Amino acid sequence: MLIGDAAGYNNPLIGQGLALALRDVRTVSEQLLSNRAWDVGTFAAYGTERGERLRRMRYVAQLYATVSTTFGPEGRQLRRYLHKRQRDDPDLLAPTMAIFTGPDHLDPQICTETFRRHYLGLPS
Ligand SMILES: Cc1cc2nc3c(=O)[nH]c(=O)nc-3n(C[C@H](O)[C@H](O)[C@H](O)COP(=O)(O)OP(=O)(O)OC[C@H]3O[C@@H](n4cnc5c(N)ncnc54)[C@H](O)[C@@H]3O)c2cc1C
């Protein structure tokens, strides 16, 4: 049974590592306390939920990294273009908001290649 960074590590850029680890502790301890018999099946739901939670947070971290660590004129242009569009399109704020509200409140449709291209202003 793996929890925390050992269960799947996220880029620390968005500061979610402790939240991920503490959620793991809560989920796994609840499973242990609510089942008398422990076997592999006891943790199946945790494994599925953990995988999706990390997928979403990794997606957000990757987007955030692209926007904040693309340097030079290209990076400045990307940030200027994104911030301008975010004023008119609230969907483009969703990845940033997920850093504060957590993966549960992030629409899974946001975590797609289609949305990534839209977010970065790339041709679809
Ligand atoms: C530069 C950086 C900045 C970060 N900033 C943030 C942030 O702002 N906010 C945030 O939420 N998260 C942040 N994180 C991520 C966060 O630190 C981790 O996600 C979190 O500490 C994971 O907790 P953990 O208990 O899984 O692992 P760890 O905190 O790494 O704990 C594992 C422990 O196991 C010990 N250990 C390893 N092997 C053995 C062994 N064989 N025997 C005994 N002990 C062993 C290690 O010494 C360590 O103490 C950051 C990470 C980095 C690297």
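Caption draft 1: How the structure looks around the overall build of the chain. Along the backbone of the chain there are five helices and zero strands. Shown N-terminal to C-terminal, the secondary structure of the chain runs as helices and strands in the order α-α-α-α-α. Expected size for 124 residues packed as a compact globule is a radius of gyration near 14 Å; at 17 Å, the chain overshoots this value by more than 25%. The C-alpha extent of the chain, read off along each of the three principal axes, is 60 × 25 × 20 Å. Out of the 124 residues in the chain, the part that is buried amounts to 35%. Within the chain, residue pairs in contact and separated by at least 24 positions form 67% of the contacts whose partners lie at least 6 positions apart. In the structure as shown, the chain presents an accessible area of about 8,000 Å², 59% of it carried by carbon and sulfur atoms.

Caption draft 2: Quick look at the packing of helix α1 (residues 17-34) against helix α2 (residues 44-68). For the pair α1 and α2, the least separation of the axes is 11 Å and the interaxial angle reads 165°. Comparing the axis directions of α1 and α2 gives the class roughly antiparallel. For the pair α1 and α2, the sense of crossing is right-handed. Contact residues: L20, R23, D24, T27 and V28 in α1; Y46, E49, R50, R53, L54 and M57 in α2. A class-by-class count of the residues in the contact of α1 with α2 yields five nonpolar, one polar and five charged.

Caption draft 3: Structural view of the nonpolar core. Grouped together as the largest cluster of nonpolar side chains are 21 residues, with contacts concentrated most on V60, L106, F115 and Y119. If you list the elements that add at least two residues to this core, you get α2, α3 (72-88), α4 (94-101) and α5 (113-120). Take this core: its biggest share by element is seven residues, from α2.

Caption draft 4: Fine view of the site of the ligand. Near the ligand the following residues occur: G4, D5, P12, G15, Q16, G17 and L18. Between the ligand and D5, the relevant distance is 2.7 Å, taken from an oxygen atom to a side-chain nitrogen or oxygen of the residue. Separating an oxygen atom of the ligand from a backbone N or O atom of L18 is a distance of 2.9 Å. Here the residues of the shell around the ligand sort into two nonpolar, four polar and one charged.

Caption draft 5: A look at the pattern of salt bridges. This structure, assessed with the given rule, holds nine salt bridges. In this structure, the salt-bridge partner of E49 is R53, at a minimum N-O distance of 2.6 Å. With E49 and R53 both in helix α2 and four residues apart, the pair spans about one turn of that helix. You can call E49 partly exposed: its relative accessible area is 25%. The residue R116 makes a salt bridge to E113 at a minimum N-O spacing of 2.9 Å. Placement of both R116 and E113 in helix α5 is noted, with a separation of three residues, approximately one turn of the helix. Given the relative accessible area of 25%, R116 is considered partly exposed. The class for E113 is partly exposed, based on a relative accessible area of 44%. Through salt bridges with shared partners, one network takes in R23, D24, E49, R50, R53 and D104.

Quick notes on the rules
- Residues numbered from 1 in each chain as written.
- Predicted model: local features only at pLDDT ≥ 70, side-chain atom pairs only at ≥ 80, totals over all residues.
- Heavy atoms only, no water.
- Helix = DSSP H or I, 4+ residues; strand = E, 2+ residues; numbered from the N terminus.
- Rg over C-alpha atoms; globule rule 2.2 N^0.38 Å.
- Buried < 20%, exposed > 50% of the residue type's maximum accessible area, 1.4 Å probe, protein only.
- Contact = heavy atoms within 4.5 Å.
- Areas by Shrake-Rupley, 256 points an atom, 1.4 Å probe, with all protein chains shown as cover.
- Axes fitted to C-alpha atoms, helices over the stretch in contact; angles between N-to-C directions.
- Parallel < 35°, antiparallel > 145°, perpendicular 65-115°, else oblique.
- Left-handed = near helix turned anticlockwise from the far one by under 90°.
- Nonpolar A, V, L, I, M, F, W, Y, C, P; charged D, E, K, R; others polar.
- Core = buried A, V, L, I, M, F, W, Y, C linked by side-chain atoms within 4.5 Å.
- Near = heavy atom within 4 Å.
- Polar contact = N/O pair within 3.5 Å; in protein donor to acceptor, adjacent residues only side chain to side chain.
- Salt bridge = Lys/Arg side-chain N within 4 Å of Asp/Glu carboxyl O.

Interpretation note: all reported values are geometric properties and have no functional meaning in isolation.
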